[in-house]
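# Examining the three-dimensional arrangement
Now for the letters of each chain:
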Amino acid sequence: MIKPPKLLSFIFVAAVLAYVTAFWVMVTVDPDSAQSRFDILVSENAYGRSIGHGEQLIALRLEQGAAADDLAEVKLSLAEAHRLKGKPDRAVELYRDVLASRLATRLSLEERRSIKKHVADLELNLGQPVEAAGIYAEFLDIAGDEAARRTPRFPGSMEASYVLLVQGAMDSFAEALPPLHETDITEGTEADKLQAATNLAKLGGYYAAQDGGNYAAAGLLSAAYRTRITLLGPAHKDTLHTALLLGPIYQDIQRHNEAEELYLSAFHAQERARGSNNPDLSLYIRLLADVYKKQGRFTEAEALNTHIQRLFKDAFGARRYVTNKLRDRRMDINRPVSAAFPLSTDYQPDDLVKAVGFDVPLSKNADLAEMSVRLAPELDEDGEIGLPAALSALMTACQTSDDETLSLRSGYRSFATQKDLYGRIGHLGTVTKPGMSEHQLGLAVDIDVNRRLMRQTDRAYQCFEENAWRHGFILSYPPGNKYLPGDDTYEPWHWRYVGKRTALLYREAGPINKPQEFLAALPCYEERAMAGIWSIAEEQDVCLEGINVNVSAAAESDSSKTGDNIYYDNNSVVPSD
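Right, let's walk through the structure included here. Residue numbers restart at each chain and count upward from 1, following the sequence in its written direction. With the structure being a predicted model, the display of local features is reserved for residues of pLDDT at least 70 and the display and counting of side-chain atom pairs for 80 or more, all residues being used for whole-chain, interface and lining totals. The side-chain figures draw on all heavy atoms in the structure; neither hydrogens nor water molecules are used.

## Quick notes on the pairing of strand 5 (residues 406–410)
Residue burial is assigned from relative accessible area. The probe radius is 1.4 Å, only protein chains are included, and a residue is buried under 20% of its type maximum, exposed over 50%, and partly exposed in between. For the purposes of this entry, the term helix denotes a DSSP run of H or I that reaches at least four residues, the term strand denotes a run of E that reaches at least two, and both are numbered from the N terminus. Buried residues dominate strand 5, accounting for 5 of its 5 residues. Pairing of strand 5 with strand 6 (residues 444–449) involves 4 bridges; the strand directions are antiparallel. Directly across from leucine 406, in strand 6, lies its bridge partner valine 449. In short, DSSP must find at least two bridges between two strands for them to pair.

Structure, rendered in structure tokens:
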């Protein structure tokens with residue numbers, strides 16, 4: 001006979017077991033009960049315990065014939081639970097289902113962005129940087145102009161928020177991808193791999209322009225390069241573009257052998273495609289010579305420099321620099337503009353014309369002053385040309401990609417316009433002070449790609465790098481320059497017209513990535529070039545002795561004359577006798 005206390009205990013245990021059994025049956029068989037239990041656990045932040053109920057709920061709903069879209073809200077909550085306490089790969093799968101559902105269209109921009117960031121971060125943790133790079137490359141597309149700068153110009157904007165997310169992932173990519181890739185890390189079909197390479201290159205190119213971004217950039221770009229050279233070959237424009245992005249990064253992190261290998265491959269590919277006597281090879285030859293100089297291999301560097309001079313002599317003649325000297329000085333075509341060489345408040349060119357009249361595609365209303373440029377007429381073997389005609393020809397030649405549309409963002413800006421612009425956003429360090437902008441000359445142009453500023457990862461940028469000199473343009477603010485106030489010194493969208501022969505001389509013999517120094521010392525370079533005297537790789541460039549055109553130069557001296565070779569004063573051009 002069971003005693004009463006034991007009987008009561010037995011009844012209680014039986015009741016508990018019956019309740020638990022009934023509850024288990026309900027939550028594993030009845031979807032409404034499973035839904036209720038899942039919701040309660042999620043609301044209590046009991047994410048680990050909620051996972052089993054959430055998975056069971058989805059299975060029960062599917063057995064009832066529910067459509068995938070009907071489960072999106074449950075999947076979103078379950079994805080959060082897996083992200084916090086469960087399996088990251090399952091969280092990624094669920095998040096992707098949500099993004100592909102109708103629910104995604106009802107979520108706010110911030111909610112969709114948060115989900116995509118979770119996916120990217122989980123992919124990185126799972127060792128899938130290629131997938132993560134695709135998401136962050138998409139963020140760069142959304143960021144527009146803000147992604148063209150090192151620091152956002154409008155920090156509170158939606159575009160800037162995407163930039164900050166991309167910047168925040170930089171160290172994770174540096175840890176996930178080593179600087180060198182011996183094998184292809186992309187997967188899928190050839191089309192999938194090429195799209196992955198595009199995303200890797202886009203993100204790597206962005207990090208290449210950021211402080212501390214070299215190792216993240218090296219990993220991403222080397223992965224893109226390996227994929228492209230394998231599938232497209234060394235001569236394809238995308239492979240060459242990646243090499244141009246990756247080479248300087250390898251040099252910065254002291255991997256000169258890898259940089260040499262890149263440039264050699266690019267040079268030989270171009271040589272086979274264009275012929276050994278084509279001056280278009282000069283870009284790759286000069287980059288390779290610079291690597292040799294930094295390694296102390298001066299004999300090899302000098303041999304390459306001599307090869308360039310032979311190419312240019314054969315293509316353009318022995319007296320190729322004679323005719324541009326007097327005309328360009330009188331018209332300010334090739335004068336420097338910087339803190340050391342400011343323009344006067346009343347400086348205004350007298351040959352401004354509307355760019356639209358020369359078939360230059362525009363980003364703004366054709367009647368705006370910014371859509372004007374200097375005519376800067378120049379006699380050529382084909383007749384009279386000038387800036388607008390040369391710009392039109394260059395943009396047409398570089399409109400080579402169906403998914404990139406080029407247009408003029410900004411041309412001439414007066415002193416007053418620059419002053420107003422500097423007053424509004426100059427504190428952000430992304431705008432030059434009035435009198436220090438090449439736009440006031442009417443010779444500088446900012447180029448848009450798809451209605452946002454050109455980036456170094458754009459195919460059009462590679463085309464400009466290779467061909468701008470043929471049309472009289474040079475890049476004013478290359479990587480590493482100190483010409484501008486603030487941190488945003490690199491402007492891949494800003495191209496300056498200096499005339500064909502000056503641009504040719506800069507490509508042939510000018511200091512790499514020092515356009516303002518070159519212009520400041522131009523008489524020296526011209527005189528030596530006309531005499532057939534060229535700098536020796538192992539020696540210091542005599543034309544640059546005493547030249548200082550950095551932002552600090554203006555504070556160091558009341559005079560803008562910073563060297564014996566300079567022939568400019570503050571507001572005018574005078575011959576140097």
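Following the structure, the description resumes.
## Here's the deal with the state of the cysteines
Cysteine sulfur atoms that pair up within 2.5 Å are treated as a disulfide. On inspection of all chains with the given rule, the structure shows 2 disulfides. The side chain of cysteine 398 participates in a disulfide bridge whose partner is cysteine 463; the two sulfur atoms lie 2.1 Å from each other. Judged by the sign of its S-S torsion, about -80°, the bond between cysteine 398 and cysteine 463 is left-handed. Here cysteine 463 lies in helix 20 (residues 459–467) and cysteine 398 lies in the loop between helix 18 (387–397) and strand 5, a separation of 65 residues in the sequence. Taken individually, cysteine 398 and cysteine 463 each receive the classification buried, so the pair is uniform in this respect. There is a disulfide in this structure between cysteine 524 and cysteine 543, and the S-S distance comes to 2.0 Å. The sign of the -75° torsion about the S-S bond sets the cysteine 524-cysteine 543 disulfide as left-handed. Of the two residues, cysteine 524 is situated in helix 23 (residues 522–530) and cysteine 543 in the loop between helix 23 and helix 24 (553–556); the sequence distance between them amounts to 19 residues. Of the two residues, cysteine 524 and cysteine 543, neither departs from the other in class, the shared state being buried. With its disulfide-bonded cysteines labelled consecutively along the sequence, the protein is connected as 1-2, 3-4.

## Remarks on empty space enclosed by the protein
Put plainly, a pocket is an open set of points on a 1 Å grid over the protein atoms alone with protein on both sides within 12 Å along at least five of seven lines, a cavity is a set where a 1.4 Å probe fits but cannot get out, and a lining residue has an atom within 4 Å of a point. Grid points are joined across faces, edges and corners, and a volume is the space filled by probe spheres set on the points. Overall, the coordinates contain 1 cavity of 30 Å³ or more when judged by the stated rule. The space that makes up the largest cavity amounts to roughly 220 Å³. Together, 20 residues line the largest cavity, and Ala147, Ala148, Arg149, Tyr206 and Ala209 are the ones closest to its centre. Considering every element that reaches the lining of the largest cavity, the biggest residue donor is helix 11 (residues 190–208), with 3 residues.

## Examining the pairing of strand 9 (residues 494–497)
What you see with strand 9 is no split at all: His494 and Arg496 on one side and Trp495 and Tyr497 on the other are buried throughout. Where strand 6 lies against strand 9, 3 bridges are found, and the strand directions are antiparallel. What sits directly across from alanine 444, in strand 9, is arginine 496. Here strand 8 (residues 473–475) runs beside strand 9; their pairing, made up of 3 bridges, is antiparallel. Bridge pairing links phenylalanine 473 to tyrosine 497 in strand 9.

## Focus on the packing of helix 3 (residues 47–63) against helix 4 (residues 72–85)
Orientation of helix 3 relative to helix 4, taken along the N-to-C sense of each, is 145°, at an axis distance of 9 Å. Crossing of helix 3 against helix 4: the hand is left-handed. Facing Tyr47, Gly48, Ser50, Ile51, Gly54, Glu55, Leu57 and Ile58 of helix 3, the residues of helix 4 in contact are Val74, Lys75, Leu78, Ala81, His82, Leu84 and Lys85. Counted by class, the contact of helix 3 with helix 4 contains 8 nonpolar, 4 polar and 3 charged residues. Angles run from 0 to 180 degrees between N-to-C directions of axes, and those axes are lines fitted to C-alpha atoms, restricted for helices to the stretch in contact. A crossing counts as left-handed when the near helix is turned anticlockwise from the far one by less than a right angle, and as right-handed when that turn is clockwise. Contacts are assigned to residue pairs that have any heavy atoms within 4.5 Å of one another. Residues are grouped as follows: Ala, Val, Leu, Ile, Met, Phe, Trp, Tyr, Cys and Pro are nonpolar; Asp, Glu, Lys and Arg are charged; all remaining types, including Gly, are polar.

## Remarks on the nonpolar core
Among the buried residues, those of types Ala, Val, Leu, Ile, Met, Phe, Trp, Tyr and Cys that are joined through side-chain atoms within 4.5 Å form a nonpolar core. The biggest cluster of nonpolar side chains holds 113 residues, and the ones touching the most others in it are Tyr136, Val166, Phe173, Leu203, Tyr207, Leu220 and Leu505. With near-sequence residues (within four places) excluded, leucine 203 lies in contact with Ala133, Tyr136, Leu140, Val166, Phe173 and Leu220.

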